[in-house]
Amino acid sequence: MPTDTLQRLREALTETVTVRSAVADRFAAELAFADGLCELHPKSAAGWRKLLDRAANSVLEVLTAGRLDALPDAVESAEALLAPLAAVAKQYTIHCVGHAHIDMNWMWSWPETVAVTNDTFRTVLKLMEEFPDFCFTQSQASVYDIIRRYHPELLAEIRTRVEEGRWEVAAAHWVEGDKNLASGESLARHVLYTRAFLAEHLGLSPEDCPLDWSPDTFGHARTIPSIDARGGVKYYYLCRGGSFDKPPLFWWQGPDGARVLVYRETTWYNDSIGPHNADALLKFAKQTGLQDWMNVYGVGDHGGGPTRRDLRRAIEMNAWPLYPNFRFATAKAYLDTVAAGAGERLPVLDRELNFEFTGCYTSQSEIKKANRHGENRCLEAETVCALAHRATGRTYRTRELRDAWVNTLFGHFHDILPGSGVRDTRHYQMALFQEATARTGVETTESLRALSARVDTSFAADASPLPIPSQEPFAMGAGVGKGSEGGGLYVTGFTARGPRPVMVCNPTAHARSEVVTATLWDLGPAEEMRRKPFRARTPDGRTFAAQVVDAGFYWGHHFVTVAFPASMGPLAYACYAVEPGSAEPAGPTVQHLQRVYYSGGAPQLQCGYGLENEHVRVGFDTLTGGVTSLVDKATGVDLADPARPMALLEYALERHHGMTAWVIGDHAEIRPLTLSSFAMGLQGPYLATLKGQAVVGDSTVDVTYGLSAVSPELTVTIEANWVERGSPQRGVPSLRFVVPLALRDARGRYEIPFGSIAREEHDGQEVPALRWADVTGTAVAGADGPSRNSPQRSQRTQRGKEIRLTSRASSATSAFSAVQPGSETVAKGAAGTAGLALFNDCKYGHSLDGDTLRVSLLRSSYDPDPLPEIGKHTMRFALVPHGAPLAPADLIRGGTAFNHPLLTLPVEPHAGDLPPVCDAGVTVSPDAVVLSGIKVAEDGDGVIVRLIEAGGKAATGRVTFDAKLLGEIADVEEVDLLERPVAKGSAKRAAKNAFTVKLPKHGIASVRVRFS
């Protein structure tokens, strides 16, 4: 604590400062810093305080006498008296890192972002001419790409300053992106393409840029250290890292043990240079014991960077004798010093750094959906193009696929993907997503066509040709891909005669049995096709019915879409012939359930209350469309409670609050939606649906519940024509998907980039998840009072008395036997572990409140974009009940399959040297190891295979290639995310055209495979 003399002097100096005395300003700052040094050095404090009193008295005498002209000499004498403290003061250093935070398209359009970047960099280069010691740090490969594209001469000047060591490129990622909603493979592409760009245009190696600069990112996933460390990143700079207390310097450890050194900004990334910096240094020193502190300064958000005032102030204060050093520096130089001097004694954090701005998991849902589909299509295109490259020699268009990825990666910026930008933000990014989808759609389609050209589809030829249709098509059927909605393929193709061959490709690395759909063009008028039976034929001669699910007319062409079951191995294909004709269904079927009600003693049969296949039985509440019964036949457990239907839609209204795009406010209203209609849709044998519609204000929401013959997934497709507007007067209206579960002690696990995480936030806290969330607990079996299946808890829409009906599972048409009221008709499942996995195709914001899982679908925030959600939205979910907890690897595979449907492509009948069915293109084992991506190496030398260990136990992954399809393995080597060899890599060739590689628990491994 300061002495009385020091306190009186400070007051006197403060009065003097008001008359703009630079000497008084200086000495007041020096005394404050000296007082702080006393606290940091308690053993010397007593002696130093005596010196401070003597020095203070000498200056106070001058001020008391009003001799301001003598103040400079008095201060100089006092500083000389305090030489012992001055020597210690100069042991402390403020490393001044100049920076300009440039938000990509935040509150402005793309042209303004370009202008901001150009003007900021011109300013910085001019300051470097004036101040020869000035250093500048700038992140984001995207800003350098802006200069490359719009002002290449300026890029040459920047490169010169980079070579001098004065311009630091702190870009490990394409943008300062979101670290929760981007996929693992996307984050891998950030480091890959950023490093390649910097090497090509600025001559920098990854070791020159070891810093992930993420100051304004709204939270950081658990696996970021694991990803960054494999991308040449050693250091991590952030400001927002969750609301929990954390040190300003620490090692952040990923689940696999990989670490990065984190500097948590203690002021802000838009700081300035001034006497207040010394206070921040003292606080930092108390927290860490270090004498070096990094101050990131410069006007930011809308660019700008350091000012002349900042630079002159730093030079001036550096000359103050009783003050710390002010050194122009780079972040890398500072963190290198810290790592070398104090790295071993810094604390370790082994957790995610969340949560920040939870509204950003939902805001601007159009951007989020486009991002998911962009990621899916890029990854799918890489996989299919790599297979076609190996199987057919088709050119792998590295540059084109890179451009598609970069367009997607730009959208990860922390004000774009989180939805905290303006209308121009959304419009520009949606155009980039469209470009990415167009490119990947063509590449995927043409790669499959190249592959199909080698496949023998002659089995589909028919000696008796079909008649030539009256409507002669042009352009092979008109190219109906519907962009990302069509699975990335342009559904074209026309065969003038005979059955239509269809090649079905599995773009994922695990075997799948699903119901697929194929669209056939110009077989005849749509009305006729709806009534006509169709069948599918396999190469080995099996024939089975195909279900007509749609028919219509599209831009001059008739089409019919049929569904049939298909099975194939990992990264494999199978061909089918589809033709008009009758046949029996293949295997088990799906049925609509019916219920009987007694009214006045007479039974009344009603349809559309339930769906059933060999895996699950589902009952519905016709008032809300919610699920009143979800029976997992493998365990007998019913996960639904009729009193709280699951999988229903809920309307919520938040009270007015600020920053609505960022923050979820208190709710003034929460209510389930009721349906204005509910009826049967498709009626099997492979696909059965129920369709309902709800009205919310001026909006309509259509919901379709679906069940296939071969899967336990209950799918829910929500199509909203949403015109609800938020405002300060009304609040924030939102639409949510609600899944109450009949579970006790519910626990949540969520997918994150390259892994999953169990979280303890069970009180409704919104948390981020990628493609799935899984809730596991103890099944509620039986209860005190009325049974969950008893008439006393029947749904509110019954007429007369409800009768439980039991379906005979062996029956193909779901016959029923009526049972009188009050009798026990459903065996209660034994209490035990049970749960439900929820897969999605475009949503991120989840919450678990007790036993109720919610997903936020739409939020009509009103700032900074007043109308972010107006329009049509389609979103898909799948509910999968289970008994014992599902392994994370199985959940990842399930989420992958849901987001990457089997690809169907009409082809021509012809001979070929590849068989019509490929059992397995690439297989992966053991079960806990998941293939995350496969692509041709950036330099064209081999194929890159990426694996993750999902089970939390070290494993040796094994990957086997089909030699006839893809070639013989020549050699393998383990590489990092930059596709560089890993020191002491563990990849080895193995028997039967395979390789093995060791993965630590929760680890990531990339392997380059070369073929002979």
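Here the residue index of a chain counts from 1 through its sequence in written order. Residues qualify for local features only when their pLDDT is at least 70, as the model is predicted, and side-chain atom pairs are given and counted only at 80 or more; totals for whole chains, interfaces and linings, by contrast, use all residues. With hydrogens and water set aside, each side-chain value is computed from the structure's full complement of heavy atoms.

1. Re the overall build of the chain
- Starting at the N terminus, helices and strands are each numbered in turn, a helix being any DSSP run of H or I of at least four residues and a strand any DSSP run of E of at least two. When helices and strands are counted, the chain shows 19 helices and 48 strands.
- Here the term buried applies to any residue with accessible area under 20% of the maximum for its type, exposed to any over 50%, and partly exposed to those in between, with areas from a 1.4 Å probe on protein chains only. Here the chain holds 1012 residues, and the buried ones make up 62% of them.
- Contact criterion: two residues are considered in contact whenever any of their non-hydrogen atoms come within 4.5 Å of each other. In the chain, of all internal contacts separated by at least 6 residues, the share reaching a separation of at least 24 is 74%.

2. Some thoughts on the confidence of the model for the chain
- Per-residue confidence for the chain averages 90 on the pLDDT scale, and 89% of its residues sit at or above 70.
- A residue's pLDDT is the predictor's confidence in that residue, given on a scale from 0 to 100. Below a pLDDT of 50 lies the segment residues 481-486, which in the model reaches 10 contacts outside its immediate sequence neighbourhood of four places, other chains included.
- Per-residue pLDDT stays below 50 along residues 782-830; that stretch engages in 93 contacts with residues further than four places along the chain or on separate chains.

3. Description of helix α13 (residues 331-342)
- With 12 residues, α13 should cover 16 Å at 1.5 Å per step; its first-to-last C-alpha distance of 16 Å lies within 8% of that length.
- Every buried residue belonging to α13 is among A331, Y334, L335, V338 and A342, and all of these are buried. On an axial view of α13, the arc spanned by its buried residues comes to 90 degrees, and they lie on one face. Facing away from the buried side of α13 by more than 90 degrees, the exposed set consists of A340 and G341. Given the number of residues in a helix, its expected span is that number minus one, multiplied by 1.5 Å. Our arc is simply the arc of the directions from the helix axis toward the C-beta atoms.

4. Here we look at the nonpolar core
- What we call a nonpolar core is a set of buried Ala, Val, Leu, Ile, Met, Phe, Trp, Tyr and Cys residues that are connected through their side-chain atoms within 4.5 Å. Counting 212 residues, the largest nonpolar core has W167, M646 and F737 as its most contacted members.
- Considering every element that reaches this core, the biggest residue donor is helix α3 (residues 42-64), with 10 residues.
- Among the nonpolar cores identified, the runner-up in size contains 49 residues, and A386, L905, V907 and V1007 belong to it.

5. Points about the layout of surface pockets
- Here the term cavity refers to a set of points on a 1 Å grid, laid over the protein atoms alone, in which a 1.4 Å probe fits but cannot get out; the term pocket refers to an open set having protein on both sides within 12 Å along at least five of seven lines, with lining residues being those that place an atom within 4 Å of a point. Grid points are joined across faces, edges and corners, and a volume is the space filled by probe spheres set on the points. Approximately 600 Å³ is the volume attributed to the second largest pocket.
- Lining the second largest pocket we find 39 residues, and of these R771, T896, V930, L931 and S932 sit closest to its centre.
- Those elements that place two or more of their residues in the lining of the second largest pocket are α9 (184-202), α14 (365-392), β29 (743-752), α18 (888-899), β41 (922-925) and β42 (929-936).
- Here the element with the most residues in the lining of the second largest pocket is α14; it accounts for six residues.
- Polar here means any residue other than Ala, Val, Leu, Ile, Met, Phe, Trp, Tyr, Cys and Pro, which are nonpolar, and Asp, Glu, Lys and Arg, which are charged; Gly is therefore polar. When the residues that make up the lining of the second largest pocket are grouped by side-chain class, the tally is 19 nonpolar, 12 polar and eight charged.

6. Here's the deal with the packing of helix α15 (residues 398-410) against helix α16 (residues 423-454)
- Axis lines are fitted to C-alpha atoms, over the contacting stretch for helices. Their N-to-C directions set the angle, which ranges from 0 to 180 degrees. Following both chains from N to C, one finds α15 and α16 inclined at 150 degrees, their axes separated by 8 Å at the closest point. The angle between α15 and α16 falls in the class roughly antiparallel. The two elements α15 and α16 meet at a crossing, and its hand is left-handed. Packed against α15, whose contacting residues are E400, L401, A404, N407, T408 and F410, the element α16 presents Y428, Q429, L432, F433, E435, A436, R439, T440 and E443 at the interface.
- Its residues placed into classes, the contact of α15 with α16 shows seven nonpolar, four polar and four charged. These descriptions rest on fixed angle ranges, namely under 35 degrees for roughly parallel, over 145 for roughly antiparallel, 65 to 115 for roughly perpendicular, and the rest for oblique. Two helices cross in a left-handed way if the nearer one is turned anticlockwise from the farther one by less than a right angle. They cross in a right-handed way if the turn is clockwise.

7. Description of the sheet that holds strand β12 (residues 512-521)
- Strand order in this open sheet of seven strands is β12-β15-β14-β13-β16-β11-β40, and the pairing throughout is antiparallel. The sheet is open, and its two borders are formed by β12 and β40 (903-906), each paired with just one other strand. Between one strand axis and the next, the sheet turns by 35 degrees as a mean value, whatever way the strands run.
- As judged from the 10 bridges shared by β12 and strand β15 (residues 557-568), these two strands associate in the antiparallel manner. Residue pairing for β15: R512 is matched across the bridge by M568.
- Together, β11 (500-505), β16 (573-580) and β40 form the strand contacts of α16, whose direction differs from that of β40 by roughly 65 degrees. Strands are labelled as partners when DSSP assigns at least two bridges between them.

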